[in-house]
Amino acid sequence: MFSSICRRATFTHRQAFTFKINPKQPTYRTASKRTLSSSAVHSVAPTWRLPEQPPKSILIVNKLRTQPVVLAIDAFLEHVHTTYPGVRVFHEDRSDIPHGAEVWQPGVNAEKIDLVVTLGGDGTILHASSLFSAGAVPPVLSFSMGTLGFLLPFHIDDFAKALESVFQGKATILNRMRLACTFYNQDLAKKGNEGDDWQVMNEIALHRGSSPHLNTIDIFVDGQHLTEAVSDGLIVSTPTGSTAYSLSAGGPIVHPSLSALVLTPICPRSLSFRPLVFPSSSLITLRIGDRSRAPAGVSMDGRTSHVLNPGESVNVHASPFPVPCINRSSIADAESEDTHHEGAGPGKEDDWVRDINNLLQYNATFRSKALLRHSRT
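Residues numbered from 1 in each chain as written. Predicted model: local features only at pLDDT ≥ 70, side-chain atom pairs only at ≥ 80, totals over all residues. Heavy atoms only, no water.

1. Quick word on unusual backbone geometry
For Cys-267, which is not a glycine, the phi torsion comes out positive at approximately 45°. Within the secondary structure, Cys-267 sits in strand E16 (residues 260-268). On the accessibility criterion, Cys-267 (53% relative accessible area) is exposed. One non-glycine residue, Asp-301, lies in positive phi territory at about 55°. Here Asp-301 shows up in the loop between strand E19 (296-300) and strand E20 (303-308). (Helix = DSSP H or I, 4+ residues; strand = E, 2+ residues; numbered from the N terminus. Buried < 20%, exposed > 50% of the residue type's maximum accessible area, 1.4 Å probe, protein only.)

2. What about the environment of Glu-92?
By secondary structure assignment, the location of Glu-92 is in strand E5 (residues 88-92). When the C-alpha atoms of Glu-92 and Val-103 are compared, they prove to be 5.9 Å apart, with 11 residues separating the residues in sequence. The residues contacting Glu-92, other than those within four sequence positions of it, are Leu-59, Ile-60, Val-61, Ile-97, Trp-104, His-127 and Leu-131. (Contact = heavy atoms within 4.5 Å.)

3. A short note on the confidence of the model for the protein chain
Averaged over every residue, the pLDDT of the protein chain is 81; the share at 70 or more is 76%. This stretch, residues 7-46, has a pLDDT under 50; its non-local contacts, to residues over four places away or in other chains, come to 73 contacts. Segment residues 337-349: pLDDT under 50, and 20 contacts once partners within four positions in sequence are set aside and those in other chains are kept. (pLDDT = per-residue confidence, 0-100.)

4. A few points about the packing of helix H4 (residues 67-83) against helix H6 (residues 159-167)
Between H4 and H6, the least distance of the axes is 11 Å, while the angle of their chain directions is 40°. With respect to H6, the axis of H4 lies oblique. Crossing of H4 against H6: the hand is right-handed. Where H4 abuts H6, its residues Ala-75, Phe-76, His-79 and Val-80 lie against Phe-159, Ala-160 and Leu-163. Tallied by class, residues from the contact of H4 with H6 come to 6 nonpolar, 1 polar and no charged. (Axes fitted to C-alpha atoms, helices over the stretch in contact; angles between N-to-C directions. Parallel < 35°, antiparallel > 145°, perpendicular 65-115°, else oblique. Left-handed = near helix turned anticlockwise from the far one by under 90°. Nonpolar A, V, L, I, M, F, W, Y, C, P; charged D, E, K, R; others polar.)

5. Some remarks on the pattern of salt bridges
Scanning the entire structure with this criterion turns up 11 salt bridges. Here Arg-88 ties to Glu-111 by a salt bridge, and the two come within 3.7 Å at their closest N and O atoms. A residue pair is termed long-range when its members are at least 10 positions apart, and Arg-88 in strand E5 and Glu-111 in the loop between strand E6 (102-104) and strand E7 (115-120) qualify at 23 residues. Here Arg-328 and Asp-355 are joined by a salt bridge, their closest N and O atoms 3.8 Å apart. (Salt bridge = Lys/Arg side-chain N within 4 Å of Asp/Glu carboxyl O.)

6. Observations concerning the environment of Tyr-184
Within the secondary structure layout, Tyr-184 lies in strand E11 (residues 179-184). Here Tyr-184 falls in the buried class, since its relative accessible area comes to 5%. Along the backbone, Tyr-184 and Gly-311 are 127 residues apart, and their C-alpha atoms lie at a distance of 9.0 Å.

7. Let's talk about the side chain of Thr-182
The topology assignment puts Thr-182 in strand E11. Using a relative accessible area of 7% as the deciding quantity, one classes Thr-182 as buried. Each residue touching Thr-182, except ones within four places of it in the same chain, is listed here: Lys-190, Asp-197, Ser-313, Val-314 and Asn-315.

8. A closer look at H6
Taken as a whole, H6 has its buried residues at Phe-159, Ala-162, Leu-163, Ser-165, Val-166 and Phe-167. Looking at the buried residues of H6, the elements they touch are strand E4 (57-62), H4, E7, strand E8 (140-144), strand E9 (154-155) and strand E22 (323-326). Gly-169 sits one or two residues past H6 and shows a positive phi near 75°.

9. Regarding the packing of aromatic side chains
Tallying each qualifying case throughout the model produces 4 aromatic pairs. On the numbers, 3.9 Å between centres and 10° between planes, the contact of Tyr-84 with Phe-167 is stacked. Separated by 83 residues along the polypeptide, Tyr-84 in the loop between H4 and E5 and Phe-167 in helix H6 bring together distant segments of the chain. Under the relative-accessibility criterion, Tyr-84 is labelled buried at 15%. (Phe/Tyr/Trp six-rings, centres within 6.5 Å; stacked < 30°, edge-to-face > 60°.)

10. Things to note about the pairing of strand E14 (residues 215-221)
Most of E14 sits out of view: 7 of its 7 residues are buried. Direction of pairing for E14 relative to strand E15 (residues 224-237): antiparallel, over a ladder of 7 bridges. Residue pairing for E15: Asn-215 is matched across the bridge by Ser-231. Counting the residues in the hairpin turn of E14 and E15 gives 2 residues, including Asp-222, whose phi is positive at 55°. As paired elements, E14 and strand E18 (residues 284-288) share 5 bridges and run antiparallel to each other. (Pairing = 2+ DSSP bridges.)

In structure tokens:
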């Protein structure tokens with residue numbers, strides 16, 4: 001009976017994004033066959049260059065406007081208007097919209113954006129991703145405002161140099177996979193409007209919330225019943241989200257250039273229930289069991305969105321619209337390119353290797369932690 005909901009999403013969950021490597025312009029196409037070939041799955045390029053045509057519109061997404069953020073935005077706007085006078089700068093429709101920026105509202109009729117600039121922490125990038133839940137996301141240039149995170153390649157003091165590389169077409173990007181989530185009620189009817197899929201960059205988490213009882217959740221993979229999970233909840237994350245909630249729950253660390261879905265249990269009753277990694281062509285269905293004594297709250301990238309009662313479910317699959325994040329390692333002077341001896345050269349994606357060592361302190365012993373103070377950043 002329940003397999004009908006999986007068959008209903010046969011086309012949707014098999015959609016995948018592939019890229020044609022071209023130094024000038026990436027080309028998107030959709031794989032609509034019932035089964036993706038291995039070549040289609042592995043043809044996703046982890047890194048490619050931005051189009052040589054410079055951006056004509058920039059969207060600023062920032063965290064709460066504290067004094068450092070206000071000063072940074074003012075300096076950024078002055079630099080853009082002076083150095084790139086033909087570029088339009090937009091900002092969300094908020095009460096703290098900066099002077100010199102136009103109001104931008106997401107939606108079907110939204111103004112076209114060529115570049116997203118974020119100022120804040122990882123949560124700011126997740127919010128920027130949510131603004132483009134209906135389609136492709138423009139390249140994202142993220143600046144740290146004093147918050148450490150895996151998604152913050154640049155310090156705000158380097159914005160002029162980073163923008164110059166973007167406008168000259170020298171920057172490379174890493175496509176970070178997103179998940180598309182569709183909800184169904186007990187009658188297997190889709191909840192919400194047609195095409196109203198949720199796009200998440202980190203993870204979707206089903207949890208028991210304030211209930212003292214464990215959740216009972218049936219897990220299906222491509223329509224086949226995998227197991228009945230009795231636990232505090234389940235997490236389905238992207239490789240990017242593998243260093244977030246999933247990691248705290250005991251999940252694996254997955255390189256962001258891979259296309260995969262990570263299934264991690266939250267405090268399972270069975271000690272043999274271990275995390276699993278599935279290919280991006282998989283459809284994962286999580287259905288609240290009829291015998292579950294508690295509904296499941298749904299959290300998506302830290303935002304509470306739904307409550308699923310027994311018999312209701314959610315389908316999770318790879319989104320055809322990743323988040324293209326500009327690499328820190330692609331921005332380098334010609335002088336540093338000639339004298340670069342340690343690690344990957346400019347244009348190589350080694351930001352992640354630096355981050356798991358410097359931020360996560362991966363496999364750091366007491367002695368190596370002390371040595372980290374003298375390592376390069």
